[in-house]
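# Fold and contact review
The chain contents come next:
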Amino acid sequence: GAGVSQSPSNKVTEKGKDVELRCDPISGHTALYWYRQSLGQGLEFLIYFQGNSAPDKSGLPSDRFSAERTGGSVSTLTIQRTQQEDSAVYLCASSQILGAGEQYFGPGTRLTVT
Amino acid sequence: SQQGEEDPQALSIQEGENATMNCSYKTSINNLQWYRQNSGRGLVHLILIRSNEREKHSGRLRVTLDTSKKSSSLLITASRAADTASYFCATDSNTGNQFYFGTGTSLTVIP
């Protein structure tokens, strides 16, 4: 595609519900990254994928967070039993090769947990 | 943590002036990047400087890197109102697979 896309752009959910965030990277990009940005803060690295594989999940904030990538393309970030502290903008980025430098970011999903 | 820290946190200048932002980090890197973010949404890549480079230019942007001091600076010359945004530095991990962003500098350019 022309760029990285994310859906939904905004999500409001009740505490305790599960949410699924989607990222469509640029076609052909093998590396995909998820970040979280709380209001007025920097980006918190969550997880990266090389193809469909996520070798290091230590950046995920808790075991309520999980992510997968299928077909070397679309990725989903799932948050189970959402808490108010999960409210943030979730950003996805992709790059041609893992660790190759420039990342292309999507517009983000703004998650609000009420 | 290897997270970079930008300085200052906020900067306000008049259009036409130069803006300088600094970034410090903690451990060795392969490269350092600067990104711009408008309206709290997606980031746009500005420039990448490798650890063996000391200075790099791109248009009105000038980036320096001092690996001995573990610091970098971003200079925007002849600033424009459209440069108003948050600017982040990002450093890579030892493996080069993870990236750490600082908390950003909020730049306001007054027309």
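Thresholds applied
- Residues numbered from 1 in each chain as written.
- Chains lettered and ligands numbered in written order.
- Predicted model: local features only at pLDDT ≥ 70, side-chain atom pairs only at ≥ 80, totals over all residues.
- Heavy atoms only, no water.
- Phe/Tyr/Trp six-rings, centres within 6.5 Å; stacked < 30°, edge-to-face > 60°.
- Helix = DSSP H or I, 4+ residues; strand = E, 2+ residues; numbered from the N terminus.
- Buried < 20%, exposed > 50% of the residue type's maximum accessible area, 1.4 Å probe, protein only.
- Contact = heavy atoms within 4.5 Å.
- Polar contact = N/O pair within 3.5 Å; in protein donor to acceptor, adjacent residues only side chain to side chain.
- Buried area = accessible area lost by both parts, 1.4 Å probe.
- Salt bridge = Lys/Arg side-chain N within 4 Å of Asp/Glu carboxyl O.
- Pairing = 2+ DSSP bridges.
- Axes fitted to C-alpha atoms, helices over the stretch in contact; angles between N-to-C directions.
- Disulfide = S-S within 2.5 Å.

Another aspect to go through is the packing of aromatic side chains. By the definition in use, this model includes 8 aromatic pairs over all chains. An angle of 85 degrees between the planes, with centres 5.3 Å apart, marks the rings of Y35 of chain A and F101 of chain B as edge-to-face. Linking Y35 of chain A in strand β4 (residues 31-37) with F101 of chain B in strand β10 (residues 99-101), this pair reaches from one chain into another. Taking relative accessible area as the criterion, F101 of chain B reaches 1% and is therefore assigned buried. These aromatic residues form a ring-pair network of at least three members: Y35, F45, Y48 and F105 of chain A together with Y35 and F101 of chain B.

Here we take up the environment of Q37 of chain B. Positionally, Q37 of chain B belongs in strand β4 (residues 31-37). Relative accessible area serves as the criterion here: at 4%, Q37 of chain B is assigned to the buried category. Once you skip the residues sitting within four places of it in the chain, Q37 of chain B turns out to touch Q37 and L91 of chain A together with G42, L43, A85, S86 and F88 of chain B. In this structure the side chain of Q37 of chain B is engaged in a polar contact, spanning 2.8 Å, whose partner is the side chain of Q37 of chain A.

So, on to the interface of chain B and chain A. Contact residues are listed per partner, giving 18 residues for chain B and 22 residues for chain A. Carbon and sulfur atoms supply 50% of the area that chain B and chain A bury against each other, a total of about 1700 Å² over both sides. A per-residue breakdown of the area chain B buries against chain A is headed by R41, N97 and F99 of chain B, which together make up 35% of the total. Here chain B and chain A share 0 salt bridges between them. At the junction of chain B and chain A, the tally comes to 3 residue pairs in polar contact (both at pLDDT 80 or more). Contributions of two or more residues to the side of chain B that touches chain A are made by β4, β5 (43-50) and β10 of chain B.

Next up on the list: the sheet that holds strand β3 (residues 19-24) of chain A. What links the strands of a sheet is backbone hydrogen bonding, and the strands pair in either a parallel or an antiparallel sense. Residues and elements named next belong to chain A. The 4 strands lie next to each other as β1-β3-β7-β6, forming an open sheet whose pairing is antiparallel. A single partner strand is all that each edge strand has here, and the edge strands are β1 (5-7) and β6 (65-69). Between one strand axis and the next, the sheet turns through 15 degrees on average, direction left out of account. Two elements, β6 and strand β7 (residues 75-79), share 5 bridges in a ladder whose sense is antiparallel.

Let's shift gears to the environment of Q41 of chain A. Considering the arrangement of structural elements, one finds Q41 of chain A in the loop between β4 and β5 (43-50). C-alpha separation for the pair Q41 of chain A and L91 of chain A, spaced 50 residues apart in sequence, amounts to 13 Å. The contacts of Q41 of chain A, once residues within four sequence positions are left out, are F88 and T103 of chain B.

The next point concerns the state of the cysteines. If you walk through the whole model with that rule in mind, you get 2 disulfides over all chains. With its sulfur 1.8 Å from that of its partner, C23 of chain A forms a disulfide with C92 of chain A. Sign of the S-S torsion, about -60 degrees for the bond between C23 of chain A and C92 of chain A, identifies this disulfide as left-handed. With C23 of chain A in strand β3 and C92 of chain A in strand β8 (residues 88-95), this residue pair connects regions lying 69 residues apart in the sequence. The class of C92 of chain A is buried, set by a relative accessible area of 0%. Shown here is the disulfide that connects C23 of chain B with C89 of chain B, its sulfur atoms set 2.0 Å apart. Here C23 of chain B and C89 of chain B share a disulfide; its torsion about the S-S bond, 65 degrees, makes the bridge right-handed. Separated by 66 residues along the polypeptide, C23 of chain B in strand β3 (residues 19-24) and C89 of chain B in strand β9 (residues 85-92) bring together distant segments of the chain.

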